[in-house]
Amino acid sequence: MDKVAIFGKKGSIAKYDLVKNKPVWVGDISPGYKPNIIGQFEDYIIVFSSSWSSKMVHCFKSDNGDFLWSHYQDYRSEEHTSELQSPMYLVCRLLLEKK
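Residues numbered from 1 in each chain as written. Predicted model: local features only at pLDDT ≥ 70, side-chain atom pairs only at ≥ 80, totals over all residues. Heavy atoms only, no water.

Another aspect to go through is the packing of aromatic side chains. Here a ring pair, both rings aromatic, is described through the centre-centre distance and the interplanar angle of the planes. This structure, assessed with the given rule, holds 3 aromatic pairs. Here the aromatic rings of F7 and Y16 are separated by 5.6 Å at their centres, their planes lie at 75 degrees, and the arrangement is edge-to-face. A relative accessible area of 45% places F7 in the partly exposed class. Linked through ring pairs, W25, F60 and F67 together constitute an aromatic cluster. If you follow K61 out to its NZ or CZ, it ends over the ring of Y44, 5.5 Å from the centre. (Phe/Tyr/Trp six-rings, centres within 6.5 Å; stacked < 30°, edge-to-face > 60°. Buried < 20%, exposed > 50% of the residue type's maximum accessible area, 1.4 Å probe, protein only. Lys NZ or Arg CZ within 6 Å of the ring centre and 35° of its normal.)

Looking now at unusual backbone geometry. With phi around 55 degrees, N21 is a residue other than glycine that occupies positive phi space. By secondary structure assignment, the location of N21 is in the loop between β2 (12-17) and β3 (22-28). Classification of N21 as exposed rests on a relative accessible area of 64%. For E42, which is not glycine, the phi torsion reads 50 degrees and is therefore positive. Within the fold, E42 resides in the loop between β4 (34-41) and β5 (44-50). (Helix = DSSP H or I, 4+ residues; strand = E, 2+ residues; numbered from the N terminus.)

What follows deals with the side chain of S49. Following the sequence through the fold, S49 ends up in strand β5. Those residues in contact with S49 that sit more than four places away from it in its chain are I29, Y33, K34, P35, N36, K55, M56 and H58. (Contact = heavy atoms within 4.5 Å.)

As a general feature of sheets, a regular strand has side chains that alternate between the two faces. Both strand β1 (residues 4-9) and β2 contribute to a ladder of 6 bridges, which runs antiparallel. Counterpart to F7 in the pairing with β2 is A14. (Pairing = 2+ DSSP bridges.)

As a further point, take the environment of K34. Structurally, K34 is set in strand β4. When its relative accessible area of 46% is taken as the criterion, K34 is described as partly exposed. It is 8.6 Å that separates the C-alpha atoms of K34 and F48, two residues lying 14 residues apart in sequence.

This part takes up the sheet that holds strand β7 (residues 67-74). Read across the open sheet, the 4 strands follow the order β4-β5-β6-β7; overall the sheet is antiparallel. Edge positions in the sheet fall to β4 and β7, since each has one partner strand and no second. Each strand of the sheet is rotated relative to its neighbour by a mean of 15 degrees, with strand direction disregarded. Looking at chain direction, β5 and strand β6 (residues 54-61) are connected through 7 bridges and run antiparallel. Counterpart to V47 in the pairing with β6 is H58. (Axes fitted to C-alpha atoms, helices over the stretch in contact; angles between N-to-C directions.)

Here is the structure:
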């Protein structure tokens, strides 16, 4: 499986084998959320998603799509949310704690 890609749509993400043109695995994200950013860190797929009133971060195993964890956050004004509370820093802290 040399050529793969991760695709997202509202409510799910999927890892596709581009040679066989079929999904390797499909992972559900919370209903009503659409993936905005999908990234990979080591053996993990990190999905930043949002709905009209909140945002979430989901984490999946890259090889088999097992759901590992998610974190929910309501939208707040930037005046009340420090940079260290952002989803990017949260993901880094959670991944470092698991090591």
